[in-house]
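# Chains, contacts and geometry: an overview
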Amino acid sequence: MLWRHYLVVFGGMRSGQLVVFGGASPSSNRFPYLIAGISPPTSLSTIDFQIWYHMCKAGRGQCGRALHSLESRWEMVSITAVARLVHLNSSIKRSNPNLLSTTKPLFTLKSSSPVSVNSSIAMSYDDQLIAAKKAASLAARLCQKVQKGLLQSDVQSKSDKSPVTVADYGSQVLVSFVLQRELPSQAFSLVAEEDSRDLRKEESQETLRRITKLVNDTIANDGTYNVSPLSEADVLTIIDCGTSEGGSNGQHWVLDPIDGTKGFLRGDQYAIALGLLDEGKVVLGVLACPNLPLESIRSQDQHALNKAGCLFSAQLSCGTYMESLDGSPPVKVHVSDTEDPEEASFFESYEAAHSSHSLSGAIAKKLGVKAPPVRIDSQAKYGALSRGDAAIYLRFPNKGYREKIWDHAAGYIVIAEAGGVASDAGGKPLDFSKGRYLDLDTGIIVTNRKLMPALLKAVQDSLKEQALPSL
Ligand SMILES: Nc1ncnc2c1ncn2[C@@H]1O[C@H](COP(=O)(O)O)[C@@H](O)[C@H]1OP(=O)(O)O
Ligand SMILES: [Mg+2]
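Each chain has its residues counted from 1, following the order in which its sequence is written. Here every chain gets a letter starting at A, and every ligand a number starting at 1, in the order they are written. With the structure being a predicted model, the display of local features is reserved for residues of pLDDT at least 70 and the display and counting of side-chain atom pairs for 80 or more, all residues being used for whole-chain, interface and lining totals. Values shown for side chains rest on all heavy atoms present in the structure; no hydrogens or waters enter the calculation.

### Some details on the site of ligand 1
The rule for a residue being near a molecule or strand is that one of its heavy atoms must lie within 4 Å of it. The local shell around ligand 1 holds 17 residues, among which D259, S349, S378, K381 and D407 are the closest. Between D256 and ligand 1, the recorded distance is 3.0 Å, taken from a side-chain N or O atom to an oxygen atom. In protein, a polar contact requires one atom able to donate a hydrogen and another able to accept it; more generally it is a pair of N or O atoms within 3.5 Å, and residues adjacent in sequence count only if both atoms are side-chain atoms. K381 is positioned with one of its side-chain polar atoms (N or O) 2.5 Å from an oxygen atom of ligand 1. Protein chains shield 84% of the accessible area of ligand 1, which is 560 Å² for the free molecule. Each helix corresponds to a stretch of at least 4 residues labelled H or I by DSSP, and each strand to a stretch of at least 2 residues labelled E; elements are numbered beginning at the N terminus. The set of elements that each furnish at least two residues to the shell around ligand 1 consists of β10 (251-259) and β18 (392-395). The leading source of residues in the shell around ligand 1 is β10, at three residues. When residues are sorted by character, Ala, Val, Leu, Ile, Met, Phe, Trp, Tyr, Cys and Pro go into the nonpolar class, Asp, Glu, Lys and Arg into the charged class, and all the rest, Gly among them, into the polar class. For the shell around ligand 1, the class distribution of residues is five nonpolar, five polar and seven charged. Accessibility throughout is a Shrake-Rupley quantity obtained with a 1.4 Å probe, and a residue counts as covered only by protein chains that appear here.

### Regarding the sheet that holds strand β9 (residues 190-192)
Strand pairing is assigned whenever DSSP identifies at least 2 bridges connecting the two strands. Taken in spatial order, the seven strands of this open sheet run β9-β10-β11-β12-β13-β14-β15, and their pairing is mixed. Single-partner strands in this sheet number two, and they are β9 and β15 (331-333). Pairwise comparison of adjacent strand axes, ignoring direction, gives a mean angle of 20° for this sheet. Sheet analysis places β9 next to β10, joined by three bridges and oriented parallel. Each residue of the ladder has a partner; that of V191, found in β10, is V254. Two residues form a contact once any of their heavy atoms are found within 4.5 Å. All axes are obtained by fitting lines to C-alpha atoms, using only the stretch in contact for helices, and the reported angles, taken between N-to-C directions, cover 0 to 180 degrees. The sheet contacts of helix α3 (residues 126-148) involve β10, β11 (271-278), β12 (281-293), β13 (308-315) and β14 (319-324), and relative to β12 the element is tilted by about 30°. In the packing of helix α11 (residues 409-417) onto the sheet, the strands contacted are β10, β11, β12, β13 and β14, and the crossing angle to β12 comes to about 95°.

### Some remarks on the coordination of the magnesium ion (ligand 2)
Metal donors were taken as nitrogen, oxygen and sulfur atoms no farther than 2.8 Å from the ion, or 3.2 Å where the ion is Na, K or Ca. Water is excluded, so coordination may look unfinished. At this site the magnesium ion (ligand 2) is bound by D256 (OD), D259 (OD) and D407 (OD), with donor distances of 1.9 to 2.3 Å. All donors of the magnesium ion (ligand 2) belong to a single chain; written as a sequence motif, their spacing is D-x2-D-x147-D. Note on accessibility: D256 and D259 belong to one class, buried. Burial classes: relative accessible area under 20% of the type maximum marks a residue as buried, over 50% as exposed, and values in between as partly exposed (1.4 Å probe, protein chains only).

### Points about the domain arrangement of the protein chain
For each domain, the first and last residues come from an automatic or database assignment. Partitioning the protein chain into structural domains gives domain 1 (3-123), domain 2 (126-333) and domain 3 (341-470). For domain 2 versus domain 3, the distance between C-alpha centres works out to 24 Å. By buried area we mean how much accessible surface two parts lose on assembly, using a 1.4 Å probe and totalling the loss over both. Roughly 3,000 Å² of surface becomes buried between domain 2 and domain 3 when both sides are summed, with 62% attributable to carbon and sulfur atoms. A pairing counts as a salt bridge when a side-chain nitrogen of Lys or Arg comes within 4 Å of a carboxyl oxygen of Asp or Glu. Taken together, domain 2 and domain 3 are joined by two salt bridges. With its nearest N and O atoms 2.6 Å apart, the salt bridge here joins E351 to R266. The tally of links between domain 2 and domain 3 comes to 18 residue pairs in polar contact (both at pLDDT 80 or more). Within the residue set of the side of domain 2 that touches domain 3, elements represented by two or more residues are β9, β10, α7 (261-266), β11, β12, β13 and β14. Counting residues per element, the side of domain 2 that touches domain 3 draws most heavily on β12, at nine residues. A breakdown of the residues in the side of domain 2 that touches domain 3 according to their chemical character gives 26 nonpolar, 16 polar and nine charged.

### Some thoughts on the pairing of β18
By the alternation rule, side chains of β18 split into I392 and L394 and Y393 and R395, which are all buried. Pairing geometry for β18 and strand β20 (residues 444-448), over three bridges, is antiparallel. The residue bridging Y393 from the neighbouring strand is V446, located in β20.

In structure tokens:
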């Protein structure tokens with residue numbers, strides 16, 4: 001049977017009680033979400049497993065496939081969702097007379113037919129993705145406001161002398177706040193760039209006041225959260241939610257509240273980069289790029305280039321999507337599929353201190369790339385690459401520089417889900433399971449799957465040549 005718009009609800013009997021613990025709505029933009037409640041049972045094999053479905057005509061797919069559907073959307077729901085489901089069903093019916101529905105289970109899997117939680121419910125991160133997009137968008141609003149009126153007094157010096165602004169802290173507070181509000185039933189672990197140490201110093205009182213006001217104003221203007229204003233103490237506490245060490249167990253959010261602070265201060269590109277690790281793997285990522293044009297940066301149309309503000313989002317096995325920060329419908333994006341280096345152009349850091357321009361120039365030349373490098377700040381490069389603005393991204397920091405996971409987690413999955421591949425300069429996948437740092441010292445290279453072998457060879461040859469004089 002062919003159909004597209006459908007709602008699937010999963011549940012079963014536990015201790016004689018009906019329990020609904022999941023709902024999937026592949027065309028869920030059209031349907032309200034079900035409410036999150038209990039966690040799924042660890043093993044479905046202990047209970048009967050039933051599926052109800054509601055659908056209307058057109059499209060393709062089938063109920064069983066929805067379990068594994070790349071587009072399926074999930075919510076964990078409690079028994080109270082049954083009432084909501086009935087309500088939902090009647091409103092869908094009203095709005096679409098072609099709806100077919102069943103109030104009886106479509107089929108029941110008995111406990112003798114174990115269903116792996118991993119292969120069904122646990123594979124979806126849809127509720128987290130929605131929360132992540134909300135968090136990054138709100139943080140982007142705060143950053144845009146600060147960047148517009150950037151004063152020298154917004155710039156402080158962290159102990160490592162890198163520039164940090166009220167926006168870095170404000171963005172971290174908002175992301176942490178939104179994630180915890182949106183996902184109240186989930187354990188919260190955040191690996192984030194900023195901590196409150198410098199802000200607790202006497203001389204930072206005015207900065208802390210400004211951050212607190214900015215955060216409260218942004219929350220109030222948004223209107224989603226009806227909360228009393230955060231105090232300065234709340235702000236410090238929320239910033240320090242980001243001190244998790246991450247690692248290979250459980251889920252950890254990974255945040256760079258402003259990636260590319262130097263670009264931000266210059267009025268150029270920056271990104272709010274938020275990823276989620278599950279058992280050490282990046283399973284979703286969101287990149288808010290307030291200054292990235294909605295059209296390709298290679299566009300000749302100046303008018304089009306003036307329209308900026310992109311939100312990239314990716315979930316494992318679901319593809320990468322781009323929408324405007326103003327809320328246009330998401331469109332699926334794909335990396336450039338060029339196999340011909342002569343057609344390819346490449347991205348690198350704007351800041352020469354962040355990545356060797358001479359090495360990437362040598363690699364590009366060896367590969368046969370004709371176009372000059374395109375230099376932009378931050379993980380906006382991963383976003384722009386995911387929609388094909390360029391075909392290659394090369395990053396070679398100075399020896400000894402330790403890459404942090406928040407500088408690549410979101411970008412890594414945005415690229416992977418858009419059909420690209422990011423690896424270290426030796427071709428190994430990036431490993432996000434080691435804590436706050438990526439365990440690599442060679443550099444990072446990104447391109448499409450067809451170009452990767454040739455790029456890898458050019459990288460290896462160039463690195464060897466570079467090492468020769470010192471042998
Ligand atoms: N010396 C350095 N070498 C390489 N990367 C750095 C260095 N200092 C900061 N970074 C980080 O590199 C990233 C920006 O890279 P790009 O040059 O591609 O824009 C940022 O995450 C930036 O940190 P931050 O997030 O604090 O701005
Ligand atoms: Mg960064």
